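Here is what each chain is made of, one letter per residue.
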Amino acid sequence: MELRHLRYFVAVAEELSFTRAAERLHIGQPPLSHQIQMLEAEVGAQLLERSKRWVRLTEAGKLFLDDARRILALSHQAVQTAQRAERGEAGELRVGFTFSTPLTPLFATVINRYRQRYPGVTLTLHEMSTFEQLDAIGDRRLDLGLVRPPEQVLPDNVDLTVLRRDPLVLVLPVEHPLAHKQAIAISDLKGLPLVMFPKTAGTGIHPQIFRLCKEAGFVPNIAVEAAEGSTIIGLVAAGSGISVLPSSFEIIRMGGVCYRPLADPEANTALLLARRKDEISPLVAGFVAVAEDVAEEAAG
């Protein structure tokens, strides 16, 4: 049974005339009559009663008409859904983000604008470390990722695009001696207790701080480790040490804690958009376009 047979039957059932149905379908009446006969033979039931003056639906025909209309409607819907997916307007898009990403205004703007522009897409967001995201994108468990610069070799099939740059800031108690300095360098942290993400957290900031300290001639003194940025800031407030975080964390205001910029040119990080090099999905292309537009607007 083909969809055209259903269309032929629906036309005859609605017109109750082979002549008018043939005109509506732009085919000859004899071929139409033959196709309906073939349909009835395949269904195994008489769907239409015919005479030289009228055409009527049988009981089987009335029930078959309801189902035929539903099938045709579903087939039309299937075509529209496929076309929308081809345009990047339908389907599921899986996007990862780091713990600090939602603290940046760019994140909220990108997500809201994408949802407004593509309301038919199911946008699934996953909080993951940079390292976890890169692995997930490489083996297709994620479509895109919002990551920080990785201090590791990228998977061969992953590309990174810079969306924005953020300075690194020192997080310290308001009464700390460094809080009153006009310019603070990484070298000023030598010997001071640091509160940091653990190495196993998979964040790019941990190896970056070690690298910056090494370049300044010392090994960082890690006093406490914590997996969440807000916990790190709380530990600084509790006097456990000082920390270095992306400036996006400055939005977290906590009593007794202040943020100070670092003077070293290399003391900065970036928010990057990670994707597969061979990606051809229109869904991904749509998100990338939105993210790049927002980043360009923010850059001014």
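Residues numbered from 1 in each chain as written. Predicted model: local features only at pLDDT ≥ 70, side-chain atom pairs only at ≥ 80, totals over all residues. Heavy atoms only, no water.

Q: What is the right way to look at the overall build of the chain in this model?
A: Looking only at helices and strands, one finds 9 helices and 11 strands in the chain. The C-alpha radius of gyration of the chain comes to 32 Å, more than 25% above the 19 Å expected for a compact globule of 300 residues. Each principal axis of the C-alpha atoms in the chain carries an extent, and together these give about 105 × 40 × 35 Å. Per-residue burial over the chain gives 43% buried out of 300 residues. Look at the contacts in the chain between residues 6 or more apart in sequence, and 71% of them connect residues 24 or more apart. For the chain, the distance from the average position of its 32 positive side-chain charges to the average position of its 36 negative side-chain charges is 5 Å. (Helix = DSSP H or I, 4+ residues; strand = E, 2+ residues; numbered from the N terminus. Rg over C-alpha atoms; globule rule 2.2 N^0.38 Å. Buried < 20%, exposed > 50% of the residue type's maximum accessible area, 1.4 Å probe, protein only. Contact = heavy atoms within 4.5 Å. Lys, Arg positive; Asp, Glu negative; His and termini not counted. Charge placed at Lys NZ, Arg CZ, Asp CG, Glu CD.)

Q: Just checking my understanding: could you explain helix H6 (residues 130–138) for this structure?
A: Since there are 3.6 residues in each turn of an α-helix, residues three or four apart along the chain are aligned in direction. Taken residue by residue, H6 has Thr130, Gln133, Leu134, Ala136 and Ile137 as its buried positions. Buried residues of H6, viewed axially, fall in a sector of 165°; they line one side. Against strand E3 (91–97), strand E5 (144–147), strand E6 (158–173) and strand E11 (268–276) lie the buried residues of H6. Arginine 140 occupies a position one or two residues after H6 and carries a positive phi of about 70°. (Arc of directions from axis to C-beta.)

Q: Would you explain helix H3 (residues 29–43) in this entry?
A: Taking 1.5 Å per residue, 15 residues should reach 21 Å; H3 reaches 21 Å between its end C-alpha atoms and fits that length. When we look at burial in H3, the residues that qualify are Leu32, Gln35, Ile36, Leu39 and Glu40. Projected down its long axis, H3 shows its buried positions confined to an angular sector of 140°, all on one face. In H3, those exposed residues whose orientation departs by more than 90 degrees from the buried face are Pro30 and Ala41. Where H3 is buried, its residues contact helix H1 (3–15), helix H2 (18–25), strand E1 (48–50) and helix H4 (59–86). Positive phi shows up at glycine 44, right after H3, with a value of about 85°. (Expected span 1.5 Å × (residues − 1).)

Q: Looking at this model, I keep getting lost on the side chain of threonine 104. Mind explaining?
A: Locating threonine 104 in the fold gives a position in the loop between E3 and helix H5 (105–117). If we ignore the near neighbours within four places in the chain, the residues touching threonine 104 are Arg148, Arg164, Asp166, Ser248 and Leu271.

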